[in-house]
Amino acid sequence: MIKFIAPSAVLALVAMAGGAQAQEVSWAGPYAGANIDYSRANVESSGVGRIDWLNETPAFRSDVFSAWSADLEGESFGGGLFAGYRRQFSSGFVVGGEVRYDYLSLDDSRMTPQRAPHPASPGVTYAFGNSYEVQQSVSANLQLGFAMDDFLGYAIVGYTTGDVSGTAEVLGANGYSKFGEGSDWVSGYNFGFGGAYRVSDRMSVTAEFVHTELDSLDFTTAYRPGSTFAPPAFDYAEDFSVEPNYNTLRVGVAFQF
């Protein structure tokens, strides 16, 4: 009987210790941390002509805006700060909310050589330019995940607003010159997945992959001072939009309170 009771007592103590350890590895409660990240962007910069452009042939309009619009890229290293709160259920399911600030500094630009847009104007050449920058962003995210002792895996979905700027310009060999720019905080959404691993009672390391899509930043062009073919005799206007989307891989450290 004693031989039976002793091992049973040992097993009970081990089970109690295991239960106590599981309680210690709770992901519930508030947390905050910092991360470093790498981002890569694909940004559409596109323009259309206003009503005065109807004076030109469809082929000429199509060729001009095809040459003027561009898909821009860009990559950067940055960093961020985040804070959130999680609730953990007995099943291991975890739900949480998080707010974060990220410094990105994503940018790209291009300027084409002088080129004739279309045979309709063979004597005139133009150079077309575009640029963009996403400087920083603020996000509010929902996390849905599952905890397995020291590891937490989760999906991410949320709202993002980014500090976006863009430009567009055209330079003619005959002195024709126009430029447009815009800058504003642009809203959008993000989604992705991540994981956290507990390295001590209060500290964990994190890794996430997130895709972000922002709405378009819109602006118009205007003639530079001294441009040839300027108003009122020649008064064409263009509307441009810059629409960023980018992928971010980030690693960080979080502290639970």
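Remember, predicted model here, so these are calculated numbers, not experimental data.

## Structural notes on the environment of Q135
Position of Q135 among the secondary structure elements: in strand β5 (residues 126–148). There is a polar contact of 3.1 Å between the side chain of Q135 and the side chain of Y103.

## What to know about the side chain of E98
Turning to its location among the elements, E98 is positioned in strand β4 (residues 93–111). Side-chain polar atoms of E98 contact the side chain of R100, separated by 3.3 Å. Of note is the side chain of E98, whose polar atom sits 3.2 Å from the side chain of Q143. Look past the residues within four positions of E98 in its chain and what remains in contact with it is Y31, F82, A83, G84, S139, A140, N141 and Q143.

## Thoughts on a negative patch on the surface
A surface patch of negative charge is lined by E44, D71, D215 and E243. Tracing the chain through its elements places D215 in the loop between β8 (203–214) and β9 (217–223). For D215, a relative accessible area of 43% corresponds to the partly exposed category.

## Looking at the pattern of salt bridges
In this structure the tally under the stated criterion is 10 salt bridges. A salt bridge links D239 to R50; the nearest nitrogen and oxygen atoms lie 2.9 Å apart. On the criterion of sequence distance, the pair formed by D239 in strand β10 (residues 238–256) and R50 in the loop between β1 (29–49) and α2 (58–68) is long-range, its members being 189 residues apart. Note on D239: relative accessible area 27%, which makes it partly exposed. Judged by its relative accessible area of 40%, R50 is partly exposed. K178 is the salt-bridge partner of E238, the closest N and O atoms lying 2.9 Å from each other. Placement of E238 in strand β10 and of K178 in strand β7 (residues 177–198) is noted, with a sequence separation of 60 residues between them. Across the pair, exposure class does not vary: E238 and K178 are buried alike.

## A few points about the pairing of strand β6 (residues 151–172)
Side chains on a regular strand alternate between the two faces of the sheet. When you tally the buried positions in β6, you get 16 out of 22 residues, the bulk of the element. Of the pairings in the sheet, the one linking β5 to β6 comprises 21 bridges and is antiparallel in character. By the bridge assignment for β6, L144 is matched with A155. As defined by bridge partners, β6 adjoins β7 across 21 bridges and the pair is classed as antiparallel. Its bridge partner being in β7, Y159 is matched across the sheet by Y189. As consecutive antiparallel partners, β6 and β7 are separated by four residues, and within that stretch G175 has a phi angle of approximately 95°, a positive value.

Cut-offs used in this document
Residues numbered from 1 in each chain as written. Predicted model: local features only at pLDDT ≥ 70, side-chain atom pairs only at ≥ 80, totals over all residues. Heavy atoms only, no water. Helix = DSSP H or I, 4+ residues; strand = E, 2+ residues; numbered from the N terminus. Polar contact = N/O pair within 3.5 Å; in protein donor to acceptor, adjacent residues only side chain to side chain. Contact = heavy atoms within 4.5 Å. Patch = residues over 30% accessible without salt bridge, like charges linked within 9 Å, V, L, I, M, F, W, Y side chains within 5 Å. Areas by Shrake-Rupley, 256 points an atom, 1.4 Å probe, with all protein chains shown as cover. Salt bridge = Lys/Arg side-chain N within 4 Å of Asp/Glu carboxyl O. Lys, Arg positive; Asp, Glu negative; His and termini not counted. Charge placed at Lys NZ, Arg CZ, Asp CG, Glu CD. Buried < 20%, exposed > 50% of the residue type's maximum accessible area, 1.4 Å probe, protein only. Pairing = 2+ DSSP bridges.

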